[in-house]
Amino acid sequence: MQAEIGIIGGTGLYDPKLLKDIEEVTVDTPYGAPSDAITIGELAGKRVAFLPRHGKTHSIRPTDVNSRANIYALKQLGVKRVFAPSTVGSLREEYKPGDIVFVDQFIDRTTRREQSFYAEQRVCHISVAEPMCPELRQVLIGVAKDFGVSSHSIGTYVCIEGPRFSTKAESRMYRGWGADVVGMTLVPECVLAREAELCYATIATVTDYDVWKDHAVCVDDIVRTMRANIENVKRIIVEAIARLPRERGCCECGSALKSAFV
Ligand SMILES: [Zn+2]
């Protein structure tokens, strides 16, 4: 069972109906089990592997997502590029609920997550100056533009530990740092993808204005906005997969480890 493209689905994107000729595989890794079984099928003529980030029943909280196992399992299946849909709160008036953000930078506020495959033997100083794959980003931004979807081609994502939401003081502080959106899942997933020399890009959907705007964050509101936007995210991913050239060309993700070891 092999696949060339991976989708690590965020909350609400558990629709393996996107894929044709589905088969499910259970993968084991030296880092433990991935979040769930991986569904492999065909999409737009390419082999695609779908992995629900929080498990099929959304039972894994952000802190406990085993990103090392998830990324390692996809790599084992032959995956070279990963699309990672996720949901975020907005820290800016102009990043409205329902908008899609093609995040290009992150600020890491996680505290309890293993960020490297090389925790025991060698020290891997991976570069994440530009943490997302420029080629995947370019394709995604082009598709969203062509579809007329309200989107932002850049954005800085603050990754918090969760599962609680931010206080107003924290939310205001993140705004002061220049961050645009806040979420709980990007780090270390994108860092590990880089260590595994996979191309990776997130498709972040804004579900709410975080608490800085003087209203409480409510799970009901988030779920409502998320449902309304899930179709847009699916449409963008399907078209992006169709447009991707078969071979990786204009990025350096595939040789990221070259200068990572002392
Ligand atoms: Zn790349």
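This text goes with the structure placed above it.
All values derive from a computational prediction rather than experimental measurement.

Draft legend 1. Geometry of the coordination of the zinc ion. Donor atoms from the polypeptide that coordinate the zinc ion comprise C133 (SG), C199 (SG), C251 (SG) and C253 (SG), at 2.2 to 2.3 Å from the metal. Metal-centred angles of 102 to 115° between the four donor atoms at the zinc ion mark the site as tetrahedral. In primary sequence terms, the donor set of the zinc ion follows C-x65-C-x51-C-x1-C. A residue pair is termed long-range when its members are at least 10 positions apart, and C199 in strand β11 (residues 199-209) and C251 in the segment after α5 (219-243) qualify at 52 residues. Pair check on accessibility: C199 and C251 agree, each one buried.

Draft legend 2. Local environment of the side chain of S90. Its location among the elements puts S90 in strand β5 (residues 81-90). Since its relative accessible area comes to 0%, S90 is described here as buried. Looking at S90, its side chain comes within polar contact range of the main-chain oxygen of R92, at 2.7 Å. In this view, S90 contacts Y95, D180, V181, V206, D208, Y209, D210 and W212; residues no more than four positions away in its chain are not counted.

Draft legend 3. Quick peek at the layout of surface pockets. There is about 270 Å³ of room inside the second largest pocket. Forming the boundary of the second largest pocket are 16 residues, of which S127, E130, R194, E252 and C253 lie nearest the centre. Its residues assigned to classes, the lining of the second largest pocket comprises seven nonpolar, four polar and five charged.

Draft legend 4. Quick peek at the nonpolar core. Formed by 41 residues in total, the largest nonpolar core has its most connected members in I38 and L186. Mapped by element, the contributors of at least two residues to this core are β3 (38-43), β4 (46-52), α1 (67-76), β5, β9 (156-160), α4 (186-195) and β11. No other element matches the six residues that α4 contributes to this core. Residues in contact with L186, not counting those within four places in the same chain, are V103, F106, M132, Y157, C159, Y200 and T202.

Draft legend 5. Layout of helix α3 (residues 168-176). Listed as buried for α3 are E170, S171 and Y174. Summarising the axial view, the buried residues of α3 lie within an arc of 100°, below the 170-degree limit, and thus occupy one face. α3 presents A169 and G176 as exposed residues on the side facing more than 90 degrees away from its buried surface. Contacts from the buried residues of α3 go to β7 (105-109), β9 and β10 (181-183). Just downstream of α3 lies G178, where phi reads positive at about 90°.

Draft legend 6. Local environment of the packing of helix α2 (residues 134-147) against α5. Two elements in contact, α2 and α5, have axes whose closest approach is 9 Å; the angle formed by their N-to-C orientations is 125°. By the angle class used here, α2 and α5 are oblique. The two elements α2 and α5 meet at a crossing, and its hand is right-handed. On the side of α2, the interface is formed by V139, L140, G142, V143, A144, D146 and F147, while α5 contributes R235, I236, E239, A240 and R243. The class makeup of the residues in the contact of α2 with α5 is seven nonpolar, one polar and four charged.

Draft legend 7. The packing of aromatic side chains, seen in detail. In this structure the tally under the stated criterion is six aromatic pairs. Geometrically, the ring pair formed by Y31 and Y72 is edge-to-face, given 5.4 Å between the ring centres and 65° between the ring planes. Pair noted here: Y31 is in the loop between β2 (20-25) and β3 and Y72 is in helix α1, with a separation of 41 residues, a long-range link. An aromatic cluster is defined as three or more aromatic residues linked by ring pairs; in this entry it consists of Y31, Y72 and F117. Positioned above the aromatic ring of W212 is the side chain of R175, whose terminal nitrogen or guanidinium carbon lies 3.8 Å from the ring centre. When the ring centre of Y209 is taken as origin, the NZ or CZ atom of K213, which lies over that ring, is 4.2 Å away.

Cut-off values and rules
Residues numbered from 1 in each chain as written. Predicted model: local features only at pLDDT ≥ 70, side-chain atom pairs only at ≥ 80, totals over all residues. Heavy atoms only, no water. Donors = N, O, S within 2.8 Å, 3.2 Å for Na, K, Ca; no water. Tetrahedral: all angles 85-135°; square planar, octahedral: opposite > 155°, others 65-115°. Helix = DSSP H or I, 4+ residues; strand = E, 2+ residues; numbered from the N terminus. Buried < 20%, exposed > 50% of the residue type's maximum accessible area, 1.4 Å probe, protein only. Polar contact = N/O pair within 3.5 Å; in protein donor to acceptor, adjacent residues only side chain to side chain. Contact = heavy atoms within 4.5 Å. 1 Å grid on protein atoms, 1.4 Å probe; cavity = no way out; pocket = protein on both sides within 12 Å on 5 of 7 lines; lining within 4 Å. Points joined across faces, edges and corners; volume = space filled by probe spheres on them. Nonpolar A, V, L, I, M, F, W, Y, C, P; charged D, E, K, R; others polar. Core = buried A, V, L, I, M, F, W, Y, C linked by side-chain atoms within 4.5 Å. Arc of directions from axis to C-beta. Axes fitted to C-alpha atoms, helices over the stretch in contact; angles between N-to-C directions. Parallel < 35°, antiparallel > 145°, perpendicular 65-115°, else oblique. Left-handed = near helix turned anticlockwise from the far one by under 90°. Phe/Tyr/Trp six-rings, centres within 6.5 Å; stacked < 30°, edge-to-face > 60°. Lys NZ or Arg CZ within 6 Å of the ring centre and 35° of its normal.

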